[in-house]
Amino acid sequence: MSIAHGIRLLGVVGAGQMGTGIAFVSALRAKVLVLLHDQSKDQVARGLALMDKLLSKDVAKGEIQSNEAQEARDRVRVVNAVEDMRDVDMVVEAVSENLDLKRIVFRNFSEKLRPDAILATNTSSISITKIAASVIPEGVSPASAEGQAAAGRVVGLHFFNPVPVMKLVELISAVQTTPETLARARAFAEACEKEVATSQDVPGFVSNALLMPFINEAIMCLEKGVATRDDIDKTFRLGMNHPMGPLQLADFIGLDTCLAIQKTLYTGTSDSKYRPSVLLERMVDAQWLGRKSGRGFYEYIDD
């Protein structure tokens, strides 16, 4: 049977919350085989445990049958190296929000994977164009047919956290991305039962260019003593009908991730309105990263 996106074997690099979530919806909703890789075996174990927990919950709620859960779980296989993904039709990178790290990962993709594989990044703020440039082989002109073909298969595919719950995927084209790559990436996101919104390749895209300054301003309000933590969050929960306040949301996202994105906005635009809050920087220095570390603006005991 023909598949619009043409993806039968997917690679996911990074088994944190985002990578695990992407593997989960790809296996359960798009029904593709998934090869999952992370350098940390502990992270892989936590990711698989989360996947099992999510599948069990879906069965308990009657959203899927037990055989469907088992089939989805069986579609996910852990591999020890990127080399083991050599035959994937597409790979999604879900590592930390750091340009230098992503460049290393994508150069590795370029060297180890099929030359026609789609190379997608789940970055939430970093330039897709800069990432795409990193896959051009050394000594090859970016303007040559080979250079354009290499960079043209890179695309931004920004899933939102938690991936199994959030309905949106942000689709971002690099300057070099080909129309075919963009169309196939969109079709794949839709096969994962996501709605797709497109953005130009600007710092933060649409989502974080709007969200992160909002969170950063809330942190500055706390830092300046304008209001307490609880009153800041209460204002948005009860006054604006937000499901959670900006400080709780920052904890959920991860304060290190918030800081990395805010720095990308600041350096990418040179606009002082994006300057990260000093309090945010100090909390990350203290490793108070939010829910995932047990402490951020709130405390999470045995969460």
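Residues numbered from 1 in each chain as written. Predicted model: local features only at pLDDT ≥ 70, side-chain atom pairs only at ≥ 80, totals over all residues. Heavy atoms only, no water.

(A) Seen up close, the packing of aromatic side chains. Under the criterion given, the structure shown has 2 aromatic pairs. Both rings, one in F106 and one in F109, keep their centres 5.1 Å apart while their planes meet at 65°; by these two values the pair is edge-to-face. Of the two residues, F106 and F109 are both situated in helix α4 (residues 99-112); the distance of 3 residues between them amounts to about one turn of the helix. Under the relative-accessibility criterion, F109 is labelled buried at 0%. Aromatic side chains F214 and F236 sit 4.9 Å apart centroid to centroid with 70° between the ring planes, which places their arrangement in the edge-to-face category. In this pair, F214 sits in helix α8 (residues 207-224) while F236 sits in helix α9 (residues 229-239), placing the two residues 22 residues apart along the sequence. When the ring centre of W288 is taken as reference, the NZ or CZ atom of R295 above it lies at 3.7 Å. (Phe/Tyr/Trp six-rings, centres within 6.5 Å; stacked < 30°, edge-to-face > 60°. Helix = DSSP H or I, 4+ residues; strand = E, 2+ residues; numbered from the N terminus. Buried < 20%, exposed > 50% of the residue type's maximum accessible area, 1.4 Å probe, protein only. Lys NZ or Arg CZ within 6 Å of the ring centre and 35° of its normal.)

(B) Region of interest: the pairing of strand β8 (residues 195-199). Where strand β7 (residues 168-173) and β8 come together, 5 bridges link them in parallel fashion. Looking at the pairing, V169 lines up with V196 of β8. Once you follow β7 into helix α7 (residues 179-191) and on to β8, the crossover reads as right-handed. (Pairing = 2+ DSSP bridges. Right-handed = clockwise from strand over helix to strand, strands pointing away.)

(C) Region of interest: the pattern of salt bridges. All chains considered together, the criterion is met by 14 salt bridges. The shortest N-O distance in the salt bridge between R73 and D52 comes to 2.8 Å. Of this pair, R73 sits in helix α3 (residues 66-74) while D52 sits in helix α2 (residues 41-60), placing them 21 residues apart in sequence. Overall, the relative accessible area of 35% leaves D52 in the partly exposed class. (Salt bridge = Lys/Arg side-chain N within 4 Å of Asp/Glu carboxyl O.)

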